[in-house]
Amino acid sequence: MKVLLISSSARGHSIADALARSPQKPEIVSICPSTNPGIKKLSIEQHVMDIMDFEGILKIASDTKPDFAIIGPEDPIGGGLADELEKIGIRSIAPKKSLSRIESSKGFTRNLLNKYGIDASPKFKVFGSTEASSLSTFIAQDLGGEFVVKYDALKGGKGVKVSGEHLNSVEEGVAYAKECIEECGSVVVEEKLVGPEFSLISFTSGLQVVDTPAIQDHKRAYEGDTGPNTGGMGTYSDADHSLTFLEASDIARASEINKLVADALMKECPEHPEGYVGFLYGGFILTKTGVKVIEYNCRLGDPEALNIMPLLESDFVSICLSMLDGSLSKDMVKFANKATVCKYITPESYPVSKDQKGERIILPPVPDNVVVFHGDLSEDQEGLLLGGSRTAGVVGLGATIEQAEHLAQAFCEQVTGPVRFRPDIGSDALIQQRVLQAKSIRTEDQHNTATVA
Ligand SMILES: Nc1ncnc2c1ncn2[C@@H]1O[C@H](COP(=O)(O)OP(=O)(O)O)[C@@H](O)[C@H]1O
Ligand SMILES: [Mg+2]
């Protein structure tokens, strides 16, 4: 058994680790944009190259003849790498290009939900250059000045601007929306929702949709959810695979939405009768009118993968093969009933500058119930060196979030080098804040209902 893994970063390391734990002991051929010591250790060969160089990837694929491929990041998926690999007879755990529009076009996704009657979007409109003149009226009147402007193409998590945070007036919103239209032809403008966000990722094969544990991510750089946005500073999940601020009906609704979306994608892209194959990532928000979709991604999240993959008790290679032949079922996928807390170690100046790039970092020995996934770091004869981006994801596993948090925290505190992490991720104080936020949103809803009644 041989698997071609196209992925960098800690997400790629967590996928490689799940493959390596398979009793089928697959040989891993990895293709990464920079050396990843963690993935390298688990691979029979690691090719360091541009992961958008499809010609080069296809050459390696035809030379190494893998049984299947796994594509980690959105750029090669959105560029159609799964389609290209299939042309040379290699199937991928990643959706085809037209199905990956679920991430690469936020306008496609909002329209898809509408077309198939999935009632989970805020008020929104997709604008092209011919509709640009009505932007101002839509933002000011229809949305009452509380709005979000979304770039309608892949932009590495940097294309969304929210009123009150990045945009301070209707005029600034219109200007940014026009900039987006100029760059990519269209823009999504939508109502600003308020509430706690969470992710629910499902292993998906056509209409078979098997959920992984729900996760909450923390995008902001500094403690207390302050500072600039990052790729994600850390995440947590709970032992029951839901989250403390969610009721059973909320998680059931998110799960239902993922299933409805897989079904809608199957109908929308009949040229791929196998449907969506890969990780279907629903980004949700709990609002006063229920669970809504913030966005969809066509891959595992980073850090979310770091929480999910260590919990997987089933054979990941078998799961992948079932996803590829359309026989995936829920009983094949077992996750441990443990809580996880992931804290990312990053260079001190991340994400503002890359000043510590090349400096040395020393990781302590990894104790039981802690897993460390390598991100942007490299290795020389003396040890590990920092890259400019997120360094390593440290995951604690425990019976409770508190236990998992203590384990991750204790490890992070022992790391030597010019690095930082967020001590508050997974802390009781922060989780209680989310519970209170959810409670106030629900009370507001009851109050509104009572007023209407
Ligand atoms: N309709 C919305 N209301 C409120 N906040 C939003 C809305 N859409 C996006 N956001 C905020 O912006 C962040 C990024 O938006 P998202 O759609 O997830 O795009 P991306 O991850 O591609 O940057 C979200 O995590 C959320 O905090
Ligand atoms: Mg997002």
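Scroll up for the structure.
The notes below deal with the structure included here. Note that this is a predicted model, so its numbers are computed, not measured.

Scoring rules and cut-offs
Residues numbered from 1 in each chain as written. Chains lettered and ligands numbered in written order. Predicted model: local features only at pLDDT ≥ 70, side-chain atom pairs only at ≥ 80, totals over all residues. Heavy atoms only, no water. Helix = DSSP H or I, 4+ residues; strand = E, 2+ residues; numbered from the N terminus. Buried < 20%, exposed > 50% of the residue type's maximum accessible area, 1.4 Å probe, protein only. Polar contact = N/O pair within 3.5 Å; in protein donor to acceptor, adjacent residues only side chain to side chain. Contact = heavy atoms within 4.5 Å. Phe/Tyr/Trp six-rings, centres within 6.5 Å; stacked < 30°, edge-to-face > 60°. Lys NZ or Arg CZ within 6 Å of the ring centre and 35° of its normal. Axes fitted to C-alpha atoms, helices over the stretch in contact; angles between N-to-C directions. Parallel < 35°, antiparallel > 145°, perpendicular 65-115°, else oblique. Left-handed = near helix turned anticlockwise from the far one by under 90°. Nonpolar A, V, L, I, M, F, W, Y, C, P; charged D, E, K, R; others polar. Near = heavy atom within 4 Å. Areas by Shrake-Rupley, 256 points an atom, 1.4 Å probe, with all protein chains shown as cover. Pairing = 2+ DSSP bridges.

### Quick look at the side chain of R390
Right, so step 1: Inspection of the secondary structure puts R390 in the loop between β20 (383-386) and β21 (392-398).
Right, so step 2: For R390, a relative accessible area of 13% corresponds to the buried category.
Right, so step 3: At 3.2 Å, the side chain of R390 forms a polar contact with the backbone oxygen of G231.
Right, so step 4: If near-sequence neighbours (up to four positions away) are discounted, R390 is found in contact with G231, G232, D302, P303, Y344, I345, T346, Y350, G375 and D376.

### Considering the environment of A82
Right, so step 1: Position of A82 among the secondary structure elements: in helix α5 (residues 81-87).
Right, so step 2: The exposure class assigned to A82 is buried, which follows from its relative accessible area of 1%.
Right, so step 3: For the pair A82 and P95, spaced 13 residues apart in sequence, the C-alpha separation works out to 6.6 Å.

### A closer look at the packing of aromatic side chains
Right, so step 1: Inspection of every chain in the model, using the stated rule, returns seven aromatic pairs.
Right, so step 2: Measuring from centroid to centroid gives 5.5 Å for F203 and F279, while their planes differ by 65 degrees, and the two rings are edge-to-face. One end of the pair, F203, is in strand β10 (residues 197-205); the other, F279, is in strand β14 (residues 277-287), with 76 residues separating them in the sequence. By the burial criterion, F203 is buried, and F279 matches it.
Right, so step 3: Among the aromatic side chains, those forming a connected cluster through ring pairs are F198, F245, F284 and Y296.
Right, so step 4: Here R390 stacks its cationic end above the ring of Y344, 4.4 Å away from the centre of that ring.

### So, the packing of helix α8 (residues 135-142) against helix α9 (residues 170-184)
Each pair of packed helices gets described by two things: the angle between the helix axes and the distance between those axes.
Right, so step 1: Across the interface, α8 lies against α9 with an axial gap of 9 Å and an inter-helix angle of 135 degrees. Judged by the angle between their axes, α8 and α9 are oblique. For the crossing formed where α8 meets α9, the hand is right-handed. Taking contact as the criterion, the partners of L135, S136, I139 and A140 in α8 are, on α9, V170, G173, V174, A177, K178 and I181.
Right, so step 2: Residues of the contact of α8 with α9, tallied by class, amount to seven nonpolar, two polar and one charged.

### A word on the site of ligand 1
Right, so step 1: Inspection of the region around ligand 1 gives K106, V148, K150, G157, V160, E190, E191, K192, L193, E197, I294 and E295 as its neighbouring residues.
Right, so step 2: Note that a nitrogen atom of ligand 1 is positioned 2.8 Å from one of the side-chain N or O atoms of E190.
Right, so step 3: Backbone polar atom of L193 to a nitrogen atom of ligand 1: 2.7 Å apart, as the coordinates give it.
Right, so step 4: Compared with its free state, where it exposes 540 Å², ligand 1 has 80% of that area covered by protein.

### With respect to helix α11 (residues 304-311)
Right, so step 1: Taken across its eight residues, α11 has eight buried, putting it largely inside the fold.
Right, so step 2: Restricting attention to buried positions, one finds in α11 the residues E304, A305, L306, N307, I308, M309, P310 and L311.

### Quick word on the pairing of strand β7 (residues 147-151)
Right, so step 1: Along β7, five of the five residues are buried, which leaves the element largely enclosed by surrounding structure.
Right, so step 2: Burial along β7 is two-sided: the residues F147, V149 and Y151 and V148 and K150 are all buried.
Right, so step 3: Relative to strand β9 (residues 186-191), β7 runs antiparallel, the two sharing five bridges. Within the sheet, the bridge partner assigned to V148 lies in β9 and is E190.
Right, so step 4: The sheet contact formed by β7 and strand β8 (residues 160-162) spans three bridges and is antiparallel. By the bridge assignment for β8, K150 is matched with V160.

### Re the sheet that holds strand β1 (residues 2-6)
Right, so step 1: An order of β3-β2-β1-β4-β5 is seen for the five strands of this open sheet, with the pairing classed as parallel. Among the strands making up the open sheet, the edge pair consists of β3 (45-48) and β5 (92-93).
Right, so step 2: With two bridges joining them, strand β4 (residues 68-71) and β5 adopt parallel strand pairing. The partner of I70 across the bridge, within β5, is I93.
Right, so step 3: Against the sheet, helix α1 (residues 9-20) engages β1, β2 (27-32) and β4, with an angle of about 170 degrees to β1.

### What to know about the sheet that holds β14
Right, so step 1: Spatial strand order, β11-β10-β14-β15: four strands in an open sheet with antiparallel pairing. Across the chains shown, the open sheet's two edge strands, defined by having one partner strand only, are β11 (208-211) and β15 (290-297). Neighbour to neighbour, the strand axes of the sheet diverge by 35 degrees on average, direction disregarded.
Right, so step 2: Here β14 pairs with β15 via seven bridges, running antiparallel. By the bridge assignment, L286 is partnered in β15 with V291.

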